[in-house]
Amino acid sequence: MINALLDRLDVSTFIDIDRYPIHRPEDPKLRQVIADARRGLNATGCAHLPAVFRPEVHEQLMEETTNAAPDAFELTRDLTPYGDGGQHDDWPTDHPRNRTGTMSNGFVGKDLIPADTMLRTLYDDPDFKRFAADCMGIDTLHQFADPIRGLVINVMNDGARMPWHYDANEFIVSLMTRKPAAGGTFEYCADLREPGDEHYDDVEQVLDGDRGPVRTLDLDVGDLQLFRGRYSMHRIAPVDGVRHTVLFGYSETPGYIGGVESTRYGYGRVTQEHLDAAGQHTDGLAG
């Protein structure tokens, strides 16, 4: 059954279109899903869309990321919330710009993910892109021009963790494809910073252990999450088992390419496209 479905590689064969009729943008069911997602994003910077993938393809979904996982760039490094190694002489040693946490996980870039997969099919689907834009209240979304960060598999093996950090892009669409036996909880602080203002005092309080602004989310296989990660600091708790998620990179403006330093730290390499686009961020924020 699974192989027959995937031979056609049409999103309707693996997305639950009864619950999420993304090809019918005016369907009342979809309008309600979109309204609920917008409420979540407006309230907390995060929206959870459960069971988007049909249960009968969960095994194949897990296989797609499991097969790609050996190509992940594995890293165990100490990183600040801003995606670098700290050691900035312009800031005190206990300043958030110099405070690091241990990251231990891996990333598979878009250029290493086969084209004939559900993951690439969904990422390239115009109905899905329009649906994501509607959920976020954005007129149009564009795929990243970034050859590595456009579509990414995050691989977390036993004991892996991700420290408090911000994303390089304004928002992300993520899909859980393999759930760990335990741990791996997603934790986030909604809108902790804003364009032009890092709110370092608030960041420092969270780094010091303040749980007041911290929210949590546990995902199941086939669940989607929409998240504004450029403004909301977040982390993933230590994993017991194996955890795979897929990150779909979209931007409001065409041509987005991630920063050179954060790309090199996260993926172990950069391309000429990254070097050519260096310094393109204009929101005044680090990372």
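Residues numbered from 1 in each chain as written. Predicted model: local features only at pLDDT ≥ 70, side-chain atom pairs only at ≥ 80, totals over all residues. Heavy atoms only, no water.

Draft legend 1. Spotlight on the overall build of the protein. Counting its regular elements, the protein contains eight helices and 15 strands. In terms of C-alpha radius of gyration, the protein reaches 18 Å, essentially the compact-globule figure of 19 Å for 287 residues. When the backbone C-alpha atoms are referred to their principal axes, the protein occupies close to 60 × 40 × 40 Å. Counting all 287 residues of the protein, 54% fall into the buried class. Carbon and sulfur atoms make up 46% of the accessible area of the protein, which totals about 12,500 Å². On the protein, the mean spot of the 28 positive side-chain charges and the mean spot of the 48 negative ones are 3 Å from each other. (Helix = DSSP H or I, 4+ residues; strand = E, 2+ residues; numbered from the N terminus. Rg over C-alpha atoms; globule rule 2.2 N^0.38 Å. Buried < 20%, exposed > 50% of the residue type's maximum accessible area, 1.4 Å probe, protein only. Areas by Shrake-Rupley, 256 points an atom, 1.4 Å probe, with all protein chains shown as cover. Lys, Arg positive; Asp, Glu negative; His and termini not counted. Charge placed at Lys NZ, Arg CZ, Asp CG, Glu CD.)

Draft legend 2. Up close: the sheet that holds strand E2 (residues 73-79). If you trace the seven strands from one edge of the open sheet to the other, you get E1-E11-E7-E14-E5-E3-E2, paired in antiparallel fashion. Unpaired on one side and paired on the other, strand E1 (46-49) and E2 mark the two borders of the sheet. If you compare each strand with its neighbour and ignore which way they point, the axes differ by 25° on average. Pairing between strand E7 (residues 172-178) and strand E11 (residues 224-227): four bridges, direction antiparallel. (Pairing = 2+ DSSP bridges. Axes fitted to C-alpha atoms, helices over the stretch in contact; angles between N-to-C directions.)

Draft legend 3. Spatial organisation of the nonpolar core. Counting residues in each nonpolar core, the largest one holds 48 residues, and the members touching the most others are Leu 49, Phe 53, Phe 128, Phe 131, Val 173, Leu 226 and Phe 248. With six residues, helix H5 (residues 126-136) is the single largest residue contributor to this core. Sequence-distant contacts of Phe 248, that is, excluding residues within four places in its chain, are made with Leu 119, Leu 122, Tyr 123, Phe 128, Gly 150, Leu 151, Ile 172, Val 173 and Leu 175. In this structure, Cys 46, Leu 219, Val 239 and Tyr 267 belong to the second largest nonpolar core, which totals 20 residues. (Core = buried A, V, L, I, M, F, W, Y, C linked by side-chain atoms within 4.5 Å. Contact = heavy atoms within 4.5 Å.)

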